[in-house]
Amino acid sequence: MKRFVSYFIAAIIGGLVFAVVYLTIDNRSNKKSQVTNEQLPVVQANFTPRPAVVGPDFVDAADMTVHSVVHIKAELQQRNQVYDDFFELFNDFFGNPNYRHYNAPAIATGSGVIISPDGYLVTNNHVVQNATDLEITLNDKRTFKADIIGTDPTTDLALIKIDAENLPHLKYGNSDELKVGEWVLAVGNPFNLTSTVTAGIVSAKARDINILGGVAAIESFIQTDAVVNRGNSGGALVTTNGELIGINAAIASNTGSYTGYSFAIPVNIVKKVMEDLKNFGEIQRAYLGISFREIDSEFADEKNLDEIKGVYIIEVVEDGAADDAGLKDGDVIIRVNNTEINSKSALLESIGTQRPGDKLKVYALRNNQLKEFEITLKNASGNTDIVKKDKVEMLGATFKVVSNEEKMKLNINHGLKVMNLENGKLKSAGIREGFIIMYIDKEPVNSVKKLKDILIDKKGGTLIEGYYPNGQRAYYGLGL
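Residues numbered from 1 in each chain as written. Predicted model: local features only at pLDDT ≥ 70, side-chain atom pairs only at ≥ 80, totals over all residues. Heavy atoms only, no water.

Here's the deal with the overall build of the chain
Where we set the bar: We count a stretch as a helix when DSSP gives it H or I for four or more residues in a row; a strand needs E for two or more, and each element gets its number in order from the N terminus. Using a 1.4 Å probe on the protein chains alone, a residue whose accessible area is under 20% of its type maximum counts as buried, one over 50% counts as exposed, and one in between counts as partly exposed. In this description, contact between two residues means that some pair of their heavy atoms is separated by no more than 4.5 Å. Exposure was quantified through the Shrake-Rupley algorithm and a 1.4 Å probe, taking into account, for residues, occlusion by the shown protein chains and nothing else.
On a plain count of helices and strands, the chain comes out with 12 helices and 24 strands. Going through the 480 residues of the chain one by one, you find that 44% of them count as buried. Relative to all contacts within the chain whose residues are 6 or more apart in sequence, the contacts with residues 24 or more apart total 62%. A total of about 26500 Å² of accessible surface is found on the chain, and carbon and sulfur atoms cover 51% of it.

Structure, rendered in structure tokens:
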């Protein structure tokens, strides 16, 4: 009985202990559940983001430019000697001696820039050279025929005109103020992809790449790394403000496509050439009247020059502009107006933007002492008169009436023979000495006077027909 009572009391005590423990654990669990269901307090935490990277904005400049850049399709008359010989033989057998065969023309494309609201455009000379027909397509897809107002092979520029009004156009910038490292945009029509915009920086100035040739050529290109390809020629190089700063003209490439460097004609040269062609019909070329060379370390040592800068005057032309101002052989030109001169191309660009009669200040070192000279530039004839050239002189040849003997031999009754061919329109078109001009745009040519009368008001593409003394018939297209 005692043992039973002991077990019973032990059971009661164990139950009480279990009940106390259970209630304690359950109460704690409920408190934890209540805490968990309550919303955690929200604490504001400040976050300072990194500032946005500020870069050049090309949107406005691109929008202004694409509407002022046009696509140019130039039709070039091509001669095919196999076809010429075949049709001449065909006509000999089957008659029709008046039949003239024209080969299918070649097509070249490029770009141009509208520079005035009344339809004047600038492009490269090599885009329109020898063109018999020019078709201009605007950004809004309107098309126009264009006339060639004038060309300047020494700067590779041409002025053309379409019959239109109120056109979007670009304003001239100032290429003298352009700095290496500035952002620029190239706009044109590479590979016939119209209204293409690329961007890059100016990587060099006053670059001479020896592409134009000739002693009269002015090469002082703006070098950029903006992507330029075939078809971009004549297109715009603009600043981020949308100002025209150059005309794209060439690329440096071993493949024929862009490989990193492109070149543009500075707008200060462009502006001057366009005004000359528009106002005078001829380039008003100014001359300083010196021969000169660039300076390197070896030459500086030879001439005991303190610094390797400027250009060295080898000879001053008697009665030229430099001679009149007092410059002498051995002087070193280091600045023209506000432009530093350290290369041949920089000096040519500075003078190339001037006209005969213009005055400028030249700063030169003489015996390592700086001197200032005020110079009045002259033309090639040694004066300051406006230069005029008639279109016969532009052809670059002398002429004589074809002899009766040649008339009989070729079975013709008129013609003008090309003599003493020099650089000019005829040579550029491929015409050789001895060629007999019979027709210009279907009009018969029988004297120099008749030639002048035909050419006096003629503009744009012109077709010349005639014979060589061996009886070969030929057709040439050239631009006036």
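Moving on from the coordinates now.
Re the sheet that holds strand E12 (residues 261-266)
The criterion, for reference: We call two strands paired when DSSP finds no fewer than two bridges between them. Lines are fitted to the C-alpha atoms to define the axes, a helix being fitted only along its stretch in contact, and any angle between axes, read from their N-to-C directions, falls within 0 to 180 degrees.
Strand order in this closed barrel of six strands is E7-E8-E9-E12-E11-E10, and the pairing throughout is antiparallel. Averaged over all adjacent pairs, the angle separating strand axes in this sheet is 45°, with direction ignored. Inspection of the sheet shows strand E9 (residues 221-224) paired to E12 by three bridges, in the antiparallel sense. Its bridge partner lying in E12, Ile222 is registered against Ala264.

Here's the deal with the environment of Asn383
Stated formally: Within 3.5 Å is the distance limit for a polar contact, defined as a pair of N or O atoms, with the added protein rule that one can donate a hydrogen and the other accept it, and that residues adjacent in sequence qualify only through two side-chain atoms.
Assignment of secondary structure puts Asn383 in the loop between strand E18 (369-376) and helix H9 (391-395). On a C-alpha basis, the gap between Asn383 and Gly357 in space is 8.1 Å, while along the polypeptide they are 26 residues apart. Leave out the neighbours within four places in its chain, and Asn383 touches Pro356 and Lys378. Among the polar contacts listed, one links the side chain of Asn383 to the side chain of Asn379, at a separation of 2.6 Å. A polar contact is formed between the side chain of Asn383 and the backbone nitrogen of Asp385, at a distance of 3.0 Å.

Examining the sheet that holds strand E4 (residues 131-137)
One closed barrel accounts for six strands, arranged E1-E2-E3-E6-E5-E4; its pairing is antiparallel. Each strand axis lies, on average, 40° off the axis of its neighbour in the sheet, ignoring direction. Summarising the sheet, strand E3 (residues 120-123) and strand E6 (residues 157-162) pair through four bridges and their orientation is antiparallel. Bridge pairing in E6 links Leu121 to Ile160.

Some details on helix H5 (residues 267-279)
Put simply, the rule is: Multiplying one less than the number of residues by 1.5 Å gives the expected span of a helix.
In this model, H5 (13 residues) spans 18 Å end to end at C-alpha, consistent with the 18 Å of a helix rising 1.5 Å per residue. All of the buried residues in H5 are Val267, Asn268, Ile269, Val270, Lys272, Val273, Met274, Asp276 and Leu277. Its buried side turned inward, H5 meets E3, strand E5 (143-152), E6, strand E11 (244-252), E12 and helix H8 (344-352). Positioned one or two residues after H5, Gly281 has a phi angle of 75°, which is positive.

Regarding the pattern of salt bridges
Convention followed: Any carboxyl oxygen of Asp or Glu that lies within 4 Å of a side-chain nitrogen of Lys or Arg is treated as forming a salt bridge with it.
Taken as a whole, this structure holds 14 salt bridges when the rule is applied. We note a salt bridge from Asp331 to Arg366, for which the minimum N-O separation is 2.8 Å. Pair noted here: Asp331 is in the loop between helix H7 (321-325) and strand E15 (332-336) and Arg366 is in strand E17 (residues 359-366), with a separation of 35 residues, a long-range link. A single burial state applies to Asp331 and to Arg366, both of which are buried. Across the pair Asp453 and Lys449 runs a salt bridge, and its minimum N-O distance is 3.0 Å. Of this pair, Asp453 and Lys449 both sit in helix H12 (residues 448-455), four residues apart, which is roughly one turn of that helix. Each of Lys272, Glu275, Asp276 and Arg355 takes part in salt bridges that share partners, so that together they form one network.

Considering the nonpolar core
One broad rule of soluble globular proteins: the nonpolar side chains tend to lie buried together. In plain terms, the rule: Grouping buried Ala, Val, Leu, Ile, Met, Phe, Trp, Tyr and Cys residues that are joined through side-chain atoms within 4.5 Å yields what is termed a nonpolar core.
Counting 38 residues, the largest nonpolar core has Val113, Ile115, Val122, Leu157, Leu244, Val270 and Met274 as its most contacted members. When residues no more than four places from it in sequence are discounted, the contact partners of Val270 are Val122, Leu157, Tyr172, Ile247 and Ile265. One finds Ala397, Val418, Leu421 and Leu451 within the second-largest nonpolar core, a separate group that totals 23 residues.

So, the side chain of Thr151
When you line up the elements, Thr151 lands in strand E5. Take Thr151: its relative accessible area is 18%, and that puts it in the buried class. Among the polar contacts made by the side chain of Thr151, one reaches the side chain of Lys425 at a distance of 2.9 Å. If near-sequence neighbours (up to four positions away) are discounted, Thr151 is found in contact with Asn125, Val128, Leu157, Ala158, Leu277 and Lys425.

With respect to the packing of aromatic side chains
Stated precisely, the cut-off is as follows: Think of it this way: a Phe, Tyr or Trp ring, Trp meaning its six-membered ring, pairs with another when their centres are within 6.5 Å, and the plane angle makes it stacked under 30 degrees, edge-to-face over 60, tilted otherwise.
What the rule picks out here adds up to five aromatic pairs. Taking 6.3 Å as the distance between ring centres and 65° as the angle between the ring planes, the aromatic pair formed by Phe221 and Phe263 counts as edge-to-face. Here the residue Phe221 occupies a position in strand E9, and Phe263 occupies one in strand E12, the gap between them amounting to 42 residues. Just as Phe221 is buried, Phe263 falls in that class too. Consider the rings of Phe299 and Tyr312, whose centres lie 4.9 Å apart with planes at 80°: the pair is edge-to-face. Of the two residues, Phe299 sits in helix H6 (residues 297-302) while Tyr312 sits in strand E14 (residues 311-316), which places them 13 residues apart along the sequence. Ring pairing ties together the aromatic residues Phe435, Tyr468 and Tyr476, which thus form one cluster.

Here's the deal with the pairing of strand E21 (residues 436-440)
Within E21, five of the five residues are buried, which leaves it mostly tucked inside the rest of the structure. Bridge count between strand E20 (residues 416-419) and E21: two bridges; the pairing is antiparallel. Residue pairing for E21: Leu416 is matched across the bridge by Ile437. The sheet contact formed by E21 and strand E22 (residues 443-444) spans two bridges and is antiparallel. Across the sheet, residue Ile440 finds its bridge partner in E22, namely Glu443. Between E21 and E22, which pair antiparallel in sequence order, lie two residues; one of them, Asp441, sits at a positive phi of approximately 50°.

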